[in-house]
Amino acid sequence: MVGFIEGLGSVGSLMSSSRSVGTEALGGAAETRQYAPVGDTAQTQEASFTEVMADAMQQTADTVKTAEATSISGIKGEVSAQKVVEAVMEAEIQLQSAIAIRDKVVSAYQEFSRMSI
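Since this is a predicted model, take the numbers as computed values, not measurements.

Here is what the cut-offs are and how they apply
- Residues numbered from 1 in each chain as written.
- Predicted model: local features only at pLDDT ≥ 70, side-chain atom pairs only at ≥ 80, totals over all residues.
- Heavy atoms only, no water.
- Helix = DSSP H or I, 4+ residues; strand = E, 2+ residues; numbered from the N terminus.
- Buried < 20%, exposed > 50% of the residue type's maximum accessible area, 1.4 Å probe, protein only.
- Contact = heavy atoms within 4.5 Å.
- Areas by Shrake-Rupley, 256 points an atom, 1.4 Å probe, with all protein chains shown as cover.
- Axes fitted to C-alpha atoms, helices over the stretch in contact; angles between N-to-C directions.
- Parallel < 35°, antiparallel > 145°, perpendicular 65-115°, else oblique.
- Left-handed = near helix turned anticlockwise from the far one by under 90°.
- Nonpolar A, V, L, I, M, F, W, Y, C, P; charged D, E, K, R; others polar.
- Patch = residues over 30% accessible without salt bridge, like charges linked within 9 Å, V, L, I, M, F, W, Y side chains within 5 Å.
- Salt bridge = Lys/Arg side-chain N within 4 Å of Asp/Glu carboxyl O.
- Expected span 1.5 Å × (residues − 1).
- pLDDT = per-residue confidence, 0-100.

## Digging into the overall build of the protein
When helices and strands are counted, the protein shows three helices and two strands. Along the protein, from the amino end to the carboxyl end, the secondary structure elements read α-β-β-α-α. Buried residues in the protein amount to 15% of all 117 residues. Excluding contacts between residues fewer than 6 apart, the proportion of contacts in the protein whose partners are at least 24 apart in sequence is 49%. Taken as a whole, the protein presents about 8900 Å² of accessible surface, with 57% of it coming from carbon and sulfur.

And the structure:
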């Protein structure tokens, strides 16, 4: 499990080192989304796809680490079984989401690689 968590951290570096494939190939600009911080609507910041994906993977890794720590505390008797189950279920949901996103990214990459130029 630790190897998987460490592998999640390398997703961000993999995505940042990969070449950008998007609407640039069609002559347009790459799509970026603008997010307004909660409570401060005057400022907006742009987040690239790589940043959003790296953030999602980091959140997943943090959730899994928290669930692991909660499980260890549960074994020691410091945390109730309900808290352990809640933490593990949350980690499972995050992990399933991360795997689904990874599968979609790999599928999209394969589609791009099959395209003829």
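## Describing the packing of helix 2 (residues 49-76) against helix 3 (residues 81-114)
For the pair helix 2 and helix 3, interaxial distance at closest approach is 8 Å and the crossing angle is 150 degrees. Considered as vectors, helix 2 and helix 3 are oriented roughly antiparallel to each other. Seen along the crossing, helix 2 lies across helix 3 with a hand that is left-handed. Where helix 2 approaches helix 3, its residues Phe49, Met53, Met57, Thr60, Thr63, Val64, Ala67, Thr70, Ser71 and Gly74 are matched on the opposing element by Lys83, Val84, Ala87, Val88, Glu90, Ala91, Gln94, Leu95, Ala98, Ile101 and Val105. Looking at the contact of helix 2 with helix 3 residue by residue, the class counts come to 13 nonpolar, six polar and two charged.

## Here we look at a nonpolar patch on the surface
Together, Phe49, Ile101 and Val105 line one region of the surface with nonpolar side chains, adding up to about 240 Å² of accessible area. If you trace the backbone, Val105 turns up in helix 3.

## Quick word on helix 2
The end-to-end C-alpha distance of helix 2 is 41 Å, a good match for the 40 Å that 28 residues give at a rise of 1.5 Å each. Every buried residue belonging to helix 2 is among Met53, Met57, Thr60, Ala61, Thr63, Val64, Ala67, Thr70 and Ser73, and all of these are buried. Positive backbone phi, approximately 90 degrees, marks Gly77, located one or two places after helix 2.

## Focus: the pattern of salt bridges
Proximity of charged atoms lets side chains of opposite charge pair with each other. Tallied over the entire structure, the rule returns two salt bridges. Across the salt bridge formed by Arg102 and Asp103, the nearest N and O atoms sit 2.8 Å from each other. Classification of Asp103 as partly exposed rests on a relative accessible area of 41%. The residue Glu111 makes a salt bridge to Arg114 at a minimum N-O spacing of 2.8 Å. Of this pair, Glu111 and Arg114 are both found in helix 3, three residues apart, which corresponds to roughly one turn of the helix. On the basis of relative accessible area, Glu111 is assigned to the partly exposed category, the value being 44%.

## Thoughts on helix 3
Taking 1.5 Å of rise per residue, 34 residues should cover 50 Å, and helix 3 covers 49 Å from first to last C-alpha, within 8% of that figure. Val84, Ala87, Ala91 and Ala98 are the residues of helix 3 that are buried. Elements that come into contact with the buried residues of helix 3 comprise helix 2.

## Some thoughts on the confidence of the model for the protein
When pLDDT is averaged along the protein, the result is 75, and 62% of the positions lie at 70 or above. Predicted confidence in the protein is weakest over helix 1 (residues 2-17), with a mean pLDDT of 45, and strongest over helix 3, with 94. Contacts of residues 1-33 to residues separated by more than four positions or lying in other chains number 27 contacts, the stretch itself having pLDDT below 50.

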